[in-house]
Amino acid sequence: MGTAGGENHAQTLTLSLAIPTYNEGKNIKPLVERLVTLLDQVIAGDYELIIVDDDSPDLTWQTALALTTTYPQLRVLRRQQERGLSAAVIRGWQAATGRFLGVIDADLQHPPEVLLELLAALTQGADLAVASRHVTGGGVSEWSLIRRVLSRGAQTVGLLLLPRVVGRVSDPMSGYFMVQRRAIAGPILNPKGYKILLEVLGRGDIDTIAEVGYVFQERLEGASKVTWRQYIDYIHHLLRLRVGGRLSQLHQRFPLQRFVRFGLVGLSGVVVDMVILYLLHSTLGLPLTRSKILAAEVAILNNFIWNDAWTFADVSLMQQGWRARLKRLLKFNAICLGGLVLNVLMLNVIYNLVFGQRWAYAANLVAIAIVTFWNFWLNLKLSWRVTQTK
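Just so you know, these numbers come straight off a predicted model, no measurement behind them.

What counts and what doesn't
- Residues numbered from 1 in each chain as written.
- Predicted model: local features only at pLDDT ≥ 70, side-chain atom pairs only at ≥ 80, totals over all residues.
- Heavy atoms only, no water.
- Helix = DSSP H or I, 4+ residues; strand = E, 2+ residues; numbered from the N terminus.
- Buried < 20%, exposed > 50% of the residue type's maximum accessible area, 1.4 Å probe, protein only.
- Contact = heavy atoms within 4.5 Å.
- Areas by Shrake-Rupley, 256 points an atom, 1.4 Å probe, with all protein chains shown as cover.
- Core = buried A, V, L, I, M, F, W, Y, C linked by side-chain atoms within 4.5 Å.
- Patch = residues over 30% accessible without salt bridge, like charges linked within 9 Å, V, L, I, M, F, W, Y side chains within 5 Å.
- Salt bridge = Lys/Arg side-chain N within 4 Å of Asp/Glu carboxyl O.
- Polar contact = N/O pair within 3.5 Å; in protein donor to acceptor, adjacent residues only side chain to side chain.
- Pairing = 2+ DSSP bridges.
- Expected span 1.5 Å × (residues − 1).

Novice: Mind showing me how you'd approach the overall build of the protein chain here?
Specialist: Scanning the protein chain from terminus to terminus reveals 13 helices and ten strands. Expressed as a percentage of the 390 residues in the protein chain, the buried residues total 51%. In the protein chain, once contacts between residues fewer than 6 apart in sequence are set aside, the share between residues at least 24 apart is 81%. If you sum the accessible surface of the protein chain, you get close to 18300 Å²; carbon and sulfur atoms cover 60% of it.

Novice: Looking at this structure, I do not really get the nonpolar core. What am I missing?
Specialist: Across soluble globular proteins, nonpolar side chains show a tendency to be buried alongside one another. One finds Val32, Leu49 and Leu118 to be the most contacted residues of the largest nonpolar core, which totals 38 residues. Contributing elements (two or more residues each) for this core: strand S2 (13-21), helix H1 (25-43), strand S3 (47-53), helix H2 (60-67), strand S4 (74-78), helix H4 (115-123), strand S6 (128-132) and strand S9 (209-213). No other element matches H1, which puts seven residues into this core. When neighbours within four sequence positions are excluded, Val32 is seen to be in contact with Leu49, Ile51, Leu67, Tyr71 and Leu74.

Novice: Please explain the environment of Asp207 as it appears in this structure.
Specialist: By secondary structure assignment, the location of Asp207 is in the loop between helix H7 (196-203) and S9. With relative accessibility at 45%, the residue Asp207 sits in the partly exposed group. For the pair Asp207 and Asp127, spaced 80 residues apart in sequence, the C-alpha separation works out to 6.3 Å.

Novice: It is not clear to me how a nonpolar patch on the surface should be interpreted in this structure. Could you clarify?
Specialist: Side chains of Leu256, Val260, Leu264, Leu267, Ile305, Trp306 and Trp310 sit close together on the surface and give an oily, nonpolar patch of about 720 Å² of accessible area. Put simply, the parts of the chain that give the nonpolar patch at least two residues each are helix H9 (256-283) and helix H10 (288-311). Here the nonpolar patch takes four residues from H9, the largest share from any one element. Along the chain, Leu264 turns up in helix H9. A residue is classified by how much of its surface remains accessible, and Leu264, at 45% relative accessible area, is partly exposed.

Novice: Please clarify how the side chain of Glu48 should be interpreted in this entry.
Specialist: Tracing the backbone shows Glu48 in strand S3. Relative accessible area serves as the criterion here: at 0%, Glu48 is assigned to the buried category. At a separation of 3.0 Å, a polar atom in the side chain of Glu48 contacts the side chain of Arg75. Among the polar contacts listed, one links the side chain of Glu48 to the backbone nitrogen of Thr97, at a separation of 2.8 Å.

Novice: Mind showing me how you'd approach the pairing of strand S8 (residues 177-180) here?
Specialist: Sheet faces and side chains relate simply in a regular strand, where the side chains alternate between the two faces. Here S8 shows no split at all, with Phe177 and Val179 on one side and Met178 and Gln180 on the other all buried. Sheet topology note: the S6/S8 ladder contains three bridges and is antiparallel. Across the sheet, residue Val130 finds its bridge partner in S8, namely Phe177.

Novice: Would you take a moment to explain H1 for this structure?
Specialist: Owing to its 3.6 residues per turn, the α-helix brings residues three or four apart onto one side. Taking 1.5 Å per residue as the helical rise, H1 with its 19 residues ought to reach 27 Å, and the 27 Å between its terminal C-alpha atoms agrees with that figure. Residues of H1 that are buried in the fold lie against S2, S3, H2, S4 and H4. Looking one or two places after H1, you find Gly45, whose phi comes out positive at around 75°.

Here it is as C-alpha cells:
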C-alpha cells in the first residue's frame, strides 16, 4: 500500500470524510472544490478529506495529489495491493482523526450540499446520519425501470435475510452517510462489496439514527462501477452478517404482539377473501384465477383498514393526514399484491397438481398461510416503519 499527500494531522478534528476512488480523475477537482467551499462555511480548519484510490489507471491519485498544495485539508492514500470500495472506506477511516467519520462517492452522484445536514444531525447527538433516497426530499433522477427494480429488489432481499439490520433505515443501500467514531471503534469491520452501511448497522453500536433526503444524481464524467458482481457480493455480505454478525447489539425482539394482531386481521381477510371468492367463482361462475384476484384485492383493503387502526395504531398516530395514509395504503397494497402473485401461482399449483382440481378453498387456505409471513415483515419494515431520529 502506498500513501502520500496532505498533512498528517495529530489533533482530533470534527470530521474525516473518506472518498473512495477508481478512475475518477475528471471528477476529483470539482468535487474537492465543492466540498471545501461547503465545509469551510461551518467547520473551517476542523475537517479532512481523505481520498483513497485503488491505483486507478487514469492516475486519479496523481490528480488528487496535485490538489494538496491548494487544499491542505486534503490527504491521498494510494492502495496498490488492495481493491474494493468498502475496504477503501475502512482504510480511510483507519487513517482518519475525526470524531465523525463520513463517506461520499467521488462521482458527484451524491450532492455534497447534503453533508451539512448529515453533519448537523451528528452534532445534535445522532449516532448515524444516512442520506436516503426513500424519505421526504429523496429520490433518483433518471434511473431506468430495470435499475429501480433491481435496487428495490436488493432491499427486499435484505429485509428477508437480515430484517433487524436492513429494516433500521429506509435506504440500506446508501453509500452516503456519517457515523460517530465511538459507535464503530470497538468491532472489527470487514465489509464485502460496496455496501459499507450494512457493516456499520450490523456490527456498530448504533442507537439513534437520523435520515436526510437526497436526490441521486446522474453521472456526468466517467463510467459506472455497478456490475452483477456487486449484487452477488451484496447477498454474500447479508448472509455473512446473518450467520456471524453480532445482531444482539440491536436489542430488538420479534414483535410478537403485532404479529398476533396482524394474524387476526389476516383471518378477517381470509373470511372476506373466501366469501368474495365463493360469490364470484361458485355463484357467478367466473374462472378461479380471476375470482381469486378480485377477492384478494377486496381482502387487502379490509386488512389495511384494520391494520392501520389497530395493529399499527401507534405508528399511524405519528403519521396522520390523508397523504400519509394514502402512502401507507399504496405501500401495503403493493406488498400484498406481490404476495398475491405468489398466492395465485401457489393456488393454481396446489389446486391443479396437488389436489387434482379439487378442494379449491383448501388450496386457497394453504396459499394464504404461506404468504402471511411475507406480508407481515415487509409491511412492518416499509409500510408502517418508523426510523429512530433525534
